[in-house]
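Coordinate analysis (summary)
Here's the letter readout for the chains.
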Amino acid sequence: MGISFTVLSSGSTGNATIVRGGGTTLMIDAGLSARRIEELLAMRELKGDEIEGILVTHEHSDHIKGLGAVARKFNLPIYANSSTWSAIEKGIGNIKDHNRLILETGQSKDFGDMRVESFAISHDAAEPVGYNFYEGKEKLSVATDLGYVSDKVRAAISDADVLVLEANHDIEMLRMGRYPWNTKRRILGDMGHLSNDATGAALSEILTGRTKRTYLAHLSRDHNMIELARMSVRGAMEDRGCFYRDSEFRLCDTYYDRPTPWDTVSES
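About the criteria used
- Residues numbered from 1 in each chain as written.
- Predicted model: local features only at pLDDT ≥ 70, side-chain atom pairs only at ≥ 80, totals over all residues.
- Heavy atoms only, no water.
- Core = buried A, V, L, I, M, F, W, Y, C linked by side-chain atoms within 4.5 Å.
- Buried < 20%, exposed > 50% of the residue type's maximum accessible area, 1.4 Å probe, protein only.
- Helix = DSSP H or I, 4+ residues; strand = E, 2+ residues; numbered from the N terminus.
- Contact = heavy atoms within 4.5 Å.
- Pairing = 2+ DSSP bridges.
- Axes fitted to C-alpha atoms, helices over the stretch in contact; angles between N-to-C directions.
- Salt bridge = Lys/Arg side-chain N within 4 Å of Asp/Glu carboxyl O.

**Focus on the nonpolar core**
- M27, L41, L67, I78 and I92 are the most contacted members of the largest nonpolar core, which totals 26 residues.
- Every element with two or more residues in this core is listed here: β2 (16-21), α1 (34-43), α3 (67-74), β5 (78-80) and α4 (82-88).
- Beyond its immediate chain neighbours, meaning those up to four positions away, I92 contacts I64, L67, G68, R72, I78 and W85.
- Counting residues in each nonpolar core, the second largest holds 25 residues, with I121, I206, L216 and L251 among its members.

Listed below in structure tokens is the structure:
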């Protein structure tokens, strides 16, 4: 079957992604209301009862706002590491014991023919993670909400066919923005969020001939714009000698208010 996915929503107002593979449909995070998640699913001809589990990256509200409600409504298992479970359990309400499942950082789990593996990232949360998805020779990597791309993250997401990678802010827009300085300092720090330039720099080191597309995710509505993110990331890559043709590699958009089209990882 192969891996396919759609980013339902991405940004500071809420995050959720659907990944299909191995005969299984999984959701990464549920950071919007249950009603809104169902609306977004319907835009991609999906229903909540088609989802078979929710993978949690970390406990911030834009990633777990609807987690408890969605899990209860559709009787879904939730997968998170022990530290994240400790951080979320008071905020998501009652979850049945059989739906409270541990997937420790660095562990992997098979869902049919698709293997899911978590990896550590740097963010101001209890124990935040990204996820890799494998089926056959295909690999999809999802990494958002990270202050910098460490050597371990770089190793984890290298050779992905498709990446979903954060490009949160333009540094100058953030510096000139309305946020208080302590918030700006947090975002700019190693436990905050990737800037467009940092994302471009990371891609220039990560990309191999195997990676065909990168989706720029978790864009700030206050301190970034879709066109600016694409231009800045590409410029940062070219500044480091990483040039490409659209036929070889593409930067793709994500949205806070609508899902991305279905994408199949194996597509060139």
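**A look at the sheet that holds strand β10 (residues 138-143)**
- An order of β7-β8-β9-β10-β11-β12-β13 is seen for the seven strands of this open sheet, with the pairing classed as mixed. Two strands in the sheet have a free side with no partner beyond their single neighbour: β7 (108-111) and β13 (250-253). Going from strand to strand, the sheet's axes swing by 20° on average, the running direction of each strand aside.
- Here helix α8 (residues 196-206) sits on the sheet in contact with β11 (162-166), β12 (213-217) and β13, set at roughly 150° to β11.
- Along the sheet face, helix α9 (residues 226-239) touches β12 and β13 and points at about 160° away from the line of β13.

**A few points about the pattern of salt bridges**
- Within this structure, the stated rule accounts for 17 salt bridges.
- Between R154 and D151 there is a salt bridge; the shortest N-O distance is 2.7 Å. Residue R154 and its partner D151 are both found in helix α5 (residues 151-157); the two are separated by three residues, about one turn of the helix.
- Accessibility expressed as a relative area gives 22% for R154, which makes it partly exposed.
- A residue is classified by how much of its surface remains accessible, and D151, at 60% relative accessible area, is exposed.

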